[in-house]
Structure formats: C-alpha cells, structure tokens
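These are the residues of each chain, in order.
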Amino acid sequence: MKNRLTLWTISLFALLIVLPGCDKDDDDPPTTKTKTELLTTGTWKFSTATSSGVDVSSQIPACIRDNVYTFVAGGNGSFNEGAAKCNSTDPQTPTFTWNFASNETVLHVSALLLPGGSNDFTIVSISETQLVISQVITIGIPMTVIVTLVH
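Reference entry: report on the structure contained in this document. Nothing here was measured: the structure is a model prediction, and the numbers come from that model.

1. Regarding the packing of aromatic side chains
Alright, step 1. Taken as a whole and judged by the stated rule, the model has five aromatic pairs.
Alright, step 2. Aromatic side chains Y69 and F79 sit 5.6 Å apart centroid to centroid with 45 degrees between the ring planes, which places their arrangement in the tilted category. In this pair, Y69 is assigned in strand β3 (residues 68-72) and F79 in strand β4 (residues 76-80), connecting sequence segments ten residues apart.
Alright, step 3. F79 gets classed as buried once you look at its relative accessible area, which sits at 9%.

2. What about the environment of G74?
Alright, step 1. Locating G74 in the fold gives a position in the loop between β3 and β4.
Alright, step 2. Classification of G74 as exposed rests on a relative accessible area of 76%.
Alright, step 3. Put simply, G74 and T97 are 23 residues apart on the chain and 8.9 Å apart in space, counted from C-alpha to C-alpha.

3. A short note on the state of the cysteines
Alright, step 1. Counted under the stated rule, the structure contains one disulfide.
Alright, step 2. C63 shares a disulfide with C86; S-S distance 1.8 Å. Between C63 and C86 the disulfide shows an S-S torsion of about 85 degrees. By sign, it is right-handed. Of this pair, C63 sits in helix α3 (residues 62-65) while C86 sits in the loop between β4 and β5 (95-101); the two residues are 23 residues apart in sequence, bridging distant segments of the chain.
Alright, step 3. C86 sits in the partly exposed class, given a relative accessible area of 44%.

4. Focus on the nonpolar core
Alright, step 1. Among the nonpolar cores identified, the biggest contains 30 residues, and L39, F71 and L107 are the most heavily contacted of them.
Alright, step 2. For this core, the leading source of residues is strand β9 (residues 141-150), giving four residues.

Reading the values: rules and limits
Residues numbered from 1 in each chain as written. Predicted model: local features only at pLDDT ≥ 70, side-chain atom pairs only at ≥ 80, totals over all residues. Heavy atoms only, no water. Phe/Tyr/Trp six-rings, centres within 6.5 Å; stacked < 30°, edge-to-face > 60°. Helix = DSSP H or I, 4+ residues; strand = E, 2+ residues; numbered from the N terminus. Buried < 20%, exposed > 50% of the residue type's maximum accessible area, 1.4 Å probe, protein only. Disulfide = S-S within 2.5 Å. Core = buried A, V, L, I, M, F, W, Y, C linked by side-chain atoms within 4.5 Å.

See below:
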C-alpha cells in the first residue's frame, strides 16, 4: 500500500511539473520592428496628402502621385516613375540615398520627392502598412503637407 501511495505521489508530482511546460508559450512579447525594417519592407506608393486637415492630393502632380518608392537597408533606394513622368527624358527608375536624422524622427532623401519641397521629411508615423511624413512645401504659398504612403 505504501508503495502505491509513493508511486501515486511521484506520478502526481511529475504531472504537475510536466504539464505546465506543455503549454504554448504565449508570454513572449511580440517583436517590434525597427524603423529601418518597417521602411525597407516592400514598396511604398502615394495614398493621400493633406494640409491643415484638407485633402490637397490633387495639388500633387499626377506624375508624382503614381511613383512607387523602394527603400533598401543600407541607405539606398529607387523609385519607379510610373506611367506619368514629369519629364519624359528622366530615367524610369532613378536612384537615391536615404538616412534617418534627429534620432530617427527625420527621413533624409537625396532626391526631391515632392515639388516645392526639400530633402527632409518629418516622420509622423510608420507601421507595417503606412508611412506618414510631413514637410513644408511651397506651391504658391508655403504649407505643411502630410503625405501618407502605403504598401
């Protein structure tokens, strides 16, 4: 009887130790991608442009709105001019360099991506599917434009 009780106790103890280890490990925190990883995953295309909450997408020329941007880890990139080219003699796929500045709050691009703009964009937000950047551009008057690019 004593052997059965000891065997039963050991078996119960072993189950208490082993069973929790068979659980799926749901306690691992999700991995957070870096801004570089988010920026360099896939291509980006124009979605919207706003200024002071007003949609100004139509103020961005169609030859810019149809561009597709590719950022590559290591600081290189390119964009495809799409069907509408601003200048017919421009190459279809110009290249550029890029880097983050100001503690990854500014995206510096060697090519002018918006007419009337500069090479620096303030990063409003970046996610797996959306890149939101802002910049002061001058189309008649200076205005802060928030541009949303999507995958």
